[in-house]
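Spelled out, the chains give:
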Amino acid sequence: MKKLEINGVIVNDNDKSVYEWFEMSATCPKDVKEFLATLDGSEPIQVAINSQGGSVFAGSEIYTLLKSYQEEVEVMVTNLT
């Protein structure tokens, strides 16, 4: 089972570089797309979320990406700090 870690603030693709510049943890939909592109679609994935929130629009896009994945997706919320 492959593991996707979603850490930090949920941001739009265009805003991620600002967080990287300040060395702040953030996740954007592009990160999830790139992770899913490495899979062949035949194995389950585990998603570990450690985020205090962020963009509702980016979060909705991430949700849709994970929901459309063909195999099982197990989600764990590890921390909310």
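About the cut-offs
- Residues numbered from 1 in each chain as written.
- Predicted model: local features only at pLDDT ≥ 70, side-chain atom pairs only at ≥ 80, totals over all residues.
- Heavy atoms only, no water.
- Helix = DSSP H or I, 4+ residues; strand = E, 2+ residues; numbered from the N terminus.
- Contact = heavy atoms within 4.5 Å.
- Polar contact = N/O pair within 3.5 Å; in protein donor to acceptor, adjacent residues only side chain to side chain.
- Salt bridge = Lys/Arg side-chain N within 4 Å of Asp/Glu carboxyl O.
- Buried < 20%, exposed > 50% of the residue type's maximum accessible area, 1.4 Å probe, protein only.
- Pairing = 2+ DSSP bridges.
- Axes fitted to C-alpha atoms, helices over the stretch in contact; angles between N-to-C directions.

(A) Up close: the environment of L39. Note on placement: L39 falls in the loop between α2 (29-37) and β4 (45-50). Taking the C-alpha atoms as reference points, L39 and K2, separated by 37 residues in sequence, lie 8.6 Å from one another.

(B) Looking closely at the environment of S25. Within the element layout of this structure, S25 appears in the loop between α1 (16-21) and β3 (26-27). A sequence separation of 14 residues divides S25 from L39, and the C-alpha atoms of the two residues are 24 Å apart. Residues contacting S25, with those up to four places away along its chain left out, are N7, G8, V9 and Y19. A distance of 3.4 Å separates a polar atom in the side chain of S25 from the backbone oxygen of N7.

(C) Just the pattern of salt bridges, in detail. Using the criterion set out here, one finds 4 salt bridges in the structure. A salt bridge links D31 to K16, with the nearest nitrogen and oxygen atoms 2.7 Å apart. A residue pair is termed long-range when its members are at least 10 positions apart, and D31 in helix α2 and K16 in helix α1 qualify at 15 residues. A relative accessible area of 14% means that K16 is categorised as buried. Sharing partners across several salt bridges, the network here consists of K16, E20 and D31.

(D) A look at the sheet that holds β4. The strand order across the open sheet formed by 3 strands is β1-β4-β5, and the pairing between neighbours is parallel. Edge positions in the sheet fall to β1 (2-7) and β5 (73-79), since each has one partner strand and no second. Mean inter-strand twist for the sheet, computed between neighbouring axes without regard to direction, equals 20°. The pairing of β1 with β4 spans 6 bridges and is classified as parallel. Bridge assignment links I6 to a residue of β4, and that residue is I49. Relative to β1, α2 is tilted by about 175°, and along the sheet it contacts β1 and β4.

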